[in-house]
Every structure is written in C-alpha cells, then in structure tokens.
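Commentary on secondary and tertiary structure
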Amino acid sequence: VWERDPHDWYVEPLAASEALLTVERFIGPVWDPCCGQGNIVKTFLAHGSAAGTDIVRRVPDGTPWFAGEFDFMAAKPSRPDSGPYLPFPEWHATNIVMNPPFFRAKGAEAFIRKAIEIAPAKVAAFLDVRFLAGHERATGLFAEHPPSRVWIITPRVSCPPGRYLAAGGKAGNGSSDWCWIVWDKTAPITST
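Residue numbers here run from 1 along each chain, matching the order of that chain's written sequence. The predicted origin of the model limits local features to residues at a pLDDT of at least 70 and limits the giving and counting of side-chain atom pairs to 80 or more, whereas totals for whole chains, interfaces and linings rest on all residues. Side-chain metrics rest on all non-hydrogen atoms present in the structure, leaving aside hydrogens and water.

Overview of the nonpolar core
Rule in force here: Note on terminology: a nonpolar core comprises buried Ala, Val, Leu, Ile, Met, Phe, Trp, Tyr and Cys residues joined through side-chain atoms within 4.5 Å. Burial classification: accessible surface area is computed with a 1.4 Å probe over protein chains only, and a residue below 20% of its type maximum counts as buried, one above 50% as exposed, and the rest as partly exposed. Helix and strand definitions follow DSSP, with helices as H or I runs of at least four residues and strands as E runs of at least two, each counted in order from the N terminus.
Trp 31, Phe 72, Ile 96, Met 98, Ile 112, Phe 131 and Trp 183 are the most contacted members of the largest nonpolar core, which totals 24 residues. When residues of this core are assigned to their parent elements, the largest contribution, 6 residues, is made by helix 3 (residues 106-118).

Side note on the packing of aromatic side chains
Just so we agree on the cut-off: The pairing test for Phe, Tyr and Trp rings, Trp by its six-membered ring, is centres within 6.5 Å, and the orientation test on the planes gives stacked under 30 degrees, edge-to-face over 60, and tilted for anything in between.
Under the counting rule described, the total for this entry stands at 8 aromatic pairs. Judged by centre distance (5.1 Å) and plane angle (85°), the ring pair of Phe 26 and Phe 44 falls under edge-to-face. With Phe 26 in the loop between helix 1 (14-23) and strand 1 (30-32) and Phe 44 in helix 2 (residues 39-45), the pair connects residues that are 18 residues apart, well separated along the chain. Assigned by exposure class, Phe 26 and Phe 44 land together as buried. For the pair Phe 72 and Phe 111, a centre-to-centre distance of 5.1 Å together with 40° between the ring planes defines the contact as tilted. With Phe 72 in the loop between strand 3 (66-69) and strand 4 (95-98) and Phe 111 in helix 3, this pair connects stretches of sequence that are 39 residues apart. As far as the burial class goes, Phe 72 and Phe 111 line up, both buried.

Focus: the side chain of Lys 122
Basically, it comes down to this: Counting of polar contacts relies on pairs of N or O atoms within 3.5 Å, with two restrictions inside protein: one atom must be capable of donating a hydrogen and the other of accepting it, and residues adjacent in sequence are counted only when both atoms are side-chain atoms. We call two residues in contact when some of their heavy atoms are within 4.5 Å.
Its location among the elements puts Lys 122 in strand 5 (residues 122-128). The buried category is assigned to Lys 122, whose relative accessible area is 8%. In terms of polar contacts, Lys 122 uses its side chain to reach the backbone carbonyl oxygen of Arg 25, at 2.6 Å. Setting aside chain neighbours within four positions, we find Lys 122 in contact with Glu 24, Arg 25, Phe 26, Thr 94, Asn 95, Ile 96, Arg 149, Val 182, Trp 183 and Asp 184.

Observations regarding the pairing of strand 5
To keep things clear, this is the line we draw: At least two DSSP bridges between two strands are required for those strands to pair.
Extensive coverage of strand 5 is indicated by the burial of 7 of its 7 residues. Two elements, strand 4 and strand 5, share 3 bridges in a ladder whose sense is parallel. By the bridge assignment for strand 5, Val 97 is matched with Ala 124. Here 7 bridges tie strand 5 to strand 7 (residues 178-184), and the two strands are oriented antiparallel to one another. Note on strand 7: the bridge partner recorded for Ala 125 is Ile 181.

Right under this line is the structure:
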C-alpha cells in the first residue's frame with residue numbers, strides 16, 4: 001500500500017529482536033549492517049556489545065552505537081580470529097544480526113551470503129517466511145549454507161516503511177509472516 005522505499009528500508013519492531021533473544025544466545029559483539037533506526041542494535045545493547053551501520057544515516061548525529069554510513073556489500077573478511085572490521089578499526093563483530101533489504105529476495109540473499117562469508121560465529125536474518133520457499137534458494141543458498149535454525153515470529157508483527165514511521169506513522173496489524181533464519185557457525189556439524 002506504500003510507495004516502495006528506494007533502499008528497501010522496512011522496520012521490524014523491537015519485539016522481533018527481543019523474541020530472537022529468547023531462543024538464541026549470542027556470544028561476542030553484534031553488528032547490524034543495515035541498522036536503519038537501530039531496533040536490532042538497541043535490543044542487543046541491552047544484552048552486550050552491538051553497533052550498527054547503514055548505507056544511509058537514519059539516526060541523529062551523535063548516536064553512540066552508530067558506526068557510520070557503510071556499504072555492507074563492500075565489507076571484506078578480516079582475520080579469522082577477530083571477525084569483520086567495521087568502518088572504524090577499533091571494533092569488530094563476531095555475529096551479524098540484520099533485517100536485510102529484500103529487493104525481491106535477491107538483496108536479502110546477497111546480504112546473507114556476505115554475512116556468512118565474514119561473520120565467524122552467528123548470522124541471523126529477519127525475513128518474510130516466504131523466503132524459505134523456492135527451488136532456486138533450496139538448490140542454491142540453502143544447499144550451500146543450510147540454516148541451523150528457523151524461528152517463526154508469533155504473534156505476527158508489522159514492518160512498515162521506515163519513512164512512514166519517521167513521519168509519525170504507527171505500525172498496524174501485520175499482513176505478512178516473519179521469521180529469523182540463523183546460521184550458527186559455532187555449532188557442531190552433523191551429517192544426516
């Protein structure tokens with residue numbers, strides 16, 4: 001019903017990140033590379049170290065957890081023992097937790113592949129449940145990188161455009177189902 005945001009900025013509520021923390025434990029710093037207004041970062045700061053970047057600044061100057069404007073797709077892996085470096089050298093992330101820009105699933109998949117490439121511990125992506133379906137992802141992304149866990153968000157949440165919320169709009173009743181897909185690179189590998 002809304003005009004599509006040019007950067008696919010849609011905002012998950014704090015409840016979505018809080019739900020993830022009831023079922024997943026994250027050890028070490030968390031980076032949200034597409035942090036928007038920072039709901040994921042704010043939730044994780046209450047439980048440890050977290051920072052966020054985005055391709056466009058959406059938070060006020062001086063926001064302490066905002067590491068700056070940064071194109072996540074240009075991120076490079078750093079030393080395997082330290083995780084990827086953020087745009088400032090004194091901080092690194094062990095885990096990447098994000099609500100990636102979707103862009104008809106291709107953007108989300110690209111962000112997930114990049115996160116899996118550079119995060120040494122866990123990657124968690126907040127996505128529409130429909131992302132789980134489809135032959136291309138089943139034989140591509142999920143065959144190459146099987147998720148460790150999938151957590152369905154209940155009750156259903158609403159994820160309106162960030163511009164709508166920034167203009168004073170309120171999230172209403174959601175019409176899509178959402179989930180967290182987790183890749184846990186610290187989990188033992190089992191064969192089936």
